[in-house]
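Report on the structure
Now for the letters of each chain:
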Amino acid sequence: MKIISINAGSSSLKFTLFNMDDESVIASGLFERIGMDGSIYSIKYNGEKISEEIAMESHTMAVQILLDKLSALSIIQSLDEIKGVGHRIVQGVDRYFESVLVTDKVIQDIDEIKDFAPLHNPGALKGILAFREVLPDVPMVCVFDTAFHQTMEPETYLYPIPYHWYSDYGVRKYGFHGTSHKYITSCVKDLLNREDFKLISCHIGNGGSICAIKNMKCVDTSMGFTPLAGIMMGTRSGDVDPSIIPYLMEKEGKNASEILDDLNKASGVLGLSECSNDLRDIVKACEEGNEKALLAKNKYVRRIVDYIAQYYVLLGGVDIIVFTAGVGENNVTVRREICEKLSCLGIKIDLDANNVRGKEIMISSPDSSIPVYVIPTDEELMIARDTLKFVNR
Ligand code: AMP
C-alpha cells in the first residue's frame with residue numbers, strides 16, 4: 001500500500017512516497033519557490049534524481065505536477081494506488097494530542113491556531129487544501145509535532161507567569177519535534193522489547209530538542225511555547241533571559257520582532273562562533289584553533305548536558321539515552337564530548353563504536369551505567385505509519 005508523507009511550508013512542499021508493505025521509500029522530493037519566480041522541483045527514485053524548473057503558481061499546481069510526474073516516471077501506474085496522505089503540522093496546541101483524520105473542523109482549527117505558529121501552520125494548510133483539491137477521495141491525516149508532548153503535566157508545561165496568560169492566551173510550553181521523539185520511542189520499544197522504560201531522546205540537528213520519556217510518554221521537553229526555547233541550536237539561542245529583548249531593542253534600534261528574528265536566525269552556534277551554524281564547520285574550526293568556534297561548541301555541548309542531567313533527575317534515573325537528527329546521528333565529536341561530561345553519572349563511551357555516522361548502534365561501552373545509542377530518526381515514516389492506521393480503519 002502506498003502512502004505519501006507531506007511537509008509543506010509557505011513556498012515549499014517536501015514529499016516521501018512509501019510502500020507501507022515493507023516501509024520502503026519509493027520516491028522522495030522537494031518542490032521549492034512555489035508562487036515565486038524560479039520555482040523548481042526535484043524527485044529522487046531508483047537511485048536517480050531528476051530536477052526541473054517549472055512554473056508553480058500555487059501548492060495545488062505543485063501537487064498536480066508531483067502526481068503527473070509520479071505517473072509519467074511510472075513510479076505509480078494510477079492515482080488510485082495512493083491510499084493515504086499524511087501531513088506534518090508543527091503546532092496543534094492543546095486541541096490535538098494525537099494524529100487525526102483531516103475534516104473541515106480540523107482545517108478550521110489549523111487556521112485558527114496559526115498565531116501560535118505563523119511561520120509553519122499556514123504553509124501546512126496550503127498543502128492540505130492542495131491535496132484535498134487534487135485527490136478529494138483519498139483519506140488525509142494530520143500528524144502534529146506537538147501531539148507527543150501533550151502528556152506533560154501542568155506543573156511542567158505552565159510557565160511561572162500570570163496564570164491568565166495561559167488561560168486567556170494559551171501561553172505555555174508545547175514542545176516540538178514530537179514526531180521524531182515518538183519515532184525514537186517506538187524504536188527503543190523494539191530494541192528493549194518492553195514499554196516500561198525511561199528514555200532521554202536527544203534530537204540534535206540544526207534545530208534541536210531533548211525529551212524525557214517514561215513508559216512511552218513525554219514527561220518534559222526542552223522546546224517551549226515556540227521552537228526557540230531550550231538547548232542552543234544552529235542559529236537559535238535556546239533559553240535566554242527575556243529581559244534582553246527590550247534592552248536590545250533600545251541599544252540596536254530594532255523592534256521586538258527584529259530582535260526575535262536575531263534570536264531565531266543569528267544566534268546559537270552561528271551567533272557565538274561568528275563563522276557557521278553547521279557543527280561540521282565548527283568542529284573543523286576548533287581543530288584549527290578558532291577560539292570563538294571552541295566557545296560555541298563548548299556552550300552547545302554544555303546546554304545539552306544540562307538538559308540531560310536535569311531529565312536524569314526528573315525521571316529518577318534513565319534506562320537509555322538516544323542521539324538522533326543531523327548532529328546526533330553524525331557528529332562523533334559532539335557525542336563524545338556530551339558523554340564525557342556525563343561521566344559522573346557512570347556513562348562511558350566506546351570511542352570505536354562512536355566513530356560512526358547515520359546508523360543505529362550502541363556507542364557506550366558495556367560497563368556504562370546507561371546504554372547510549374545513535375538511532376537515525378525518520379519523521380516521514382512516522383507520519384506515514386500514523387496515516388496508515390487511519391487508512392486501515
Ligand atoms: P538536521 O537539521 O537534522 O538536518 O541537522 C543538520 C546538522 O547536522 C548540520 O548543521 C550539521 O551540523 C549536522 N550534520 C549533518 N550531516 C553531518 C555529517 N555527515 N557529519 C557531521 N555533522 C553532520
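To start, this report covers the structure provided alongside it.

Another point: the site of the ligand. Near the ligand the following residues occur: Gly205, Asn206, Asp278, Leu279, Arg280, Ala325, Gly326, Val327 and Asn330. Asn206 places a main-chain nitrogen or oxygen 2.8 Å from an oxygen atom of the ligand. Here Leu279 contributes a backbone N or O atom positioned 2.9 Å from an oxygen atom of the ligand. Isolated, the ligand exposes 500 Å² of accessible area, and the fraction of that covered by the protein chains is 69%. For the shell around the ligand, the secondary-structure elements that each account for two or more residues are α10 (279–287) and α12 (325–330). Ranked by the residues each element gives to the shell around the ligand, the list is headed by α12, at 4 residues. Here the residues of the shell around the ligand sort into 3 nonpolar, 4 polar and 2 charged.

Let us now look at the packing of aromatic side chains. In this structure the tally under the stated criterion is 9 aromatic pairs. With a centroid separation of 5.7 Å and 65° between ring planes, the pair formed by Tyr307 and Tyr311 is classed as edge-to-face. Separated by 4 residues within a single helix, Tyr307 and Tyr311 lie in helix α11 (residues 291–315), roughly one turn from each other. Both residues of the pair, Tyr307 and Tyr311, belong to the buried class. Grouping aromatic residues by their ring pairs yields a cluster made of Phe15, Phe31 and Tyr41. Note that Arg172 overlies the ring of Tyr157, its terminal NZ or CZ placed 3.6 Å from the centroid. Between Arg393 and the ring centre of Phe390, over which it is positioned, the NZ or CZ distance is 4.5 Å.

Taken in spatial order, the 6 strands line up as β11-β10-β9-β12-β14-β13 in an open sheet, and their pairing is mixed. Of all the strands in the sheet, just β11 (217–221) and β13 (361–362) have a single pairing partner and so form its edges. Strand direction decides the pairing type here: strand β9 (residues 198–204) and strand β10 (residues 208–214), joined by 7 bridges, are antiparallel. Bridging across to β10, Leu199 finds its partner in Ile213. On the sheet, α11 packs against β9, β10, β11 and β12 (320–324) and is oriented at approximately 15° with respect to β10.

Criteria and cut-off values
Residues numbered from 1 in each chain as written. Predicted model: local features only at pLDDT ≥ 70, side-chain atom pairs only at ≥ 80, totals over all residues. Heavy atoms only, no water. Near = heavy atom within 4 Å. Polar contact = N/O pair within 3.5 Å; in protein donor to acceptor, adjacent residues only side chain to side chain. Areas by Shrake-Rupley, 256 points an atom, 1.4 Å probe, with all protein chains shown as cover. Helix = DSSP H or I, 4+ residues; strand = E, 2+ residues; numbered from the N terminus. Nonpolar A, V, L, I, M, F, W, Y, C, P; charged D, E, K, R; others polar. Phe/Tyr/Trp six-rings, centres within 6.5 Å; stacked < 30°, edge-to-face > 60°. Buried < 20%, exposed > 50% of the residue type's maximum accessible area, 1.4 Å probe, protein only. Lys NZ or Arg CZ within 6 Å of the ring centre and 35° of its normal. Pairing = 2+ DSSP bridges. Contact = heavy atoms within 4.5 Å. Axes fitted to C-alpha atoms, helices over the stretch in contact; angles between N-to-C directions.

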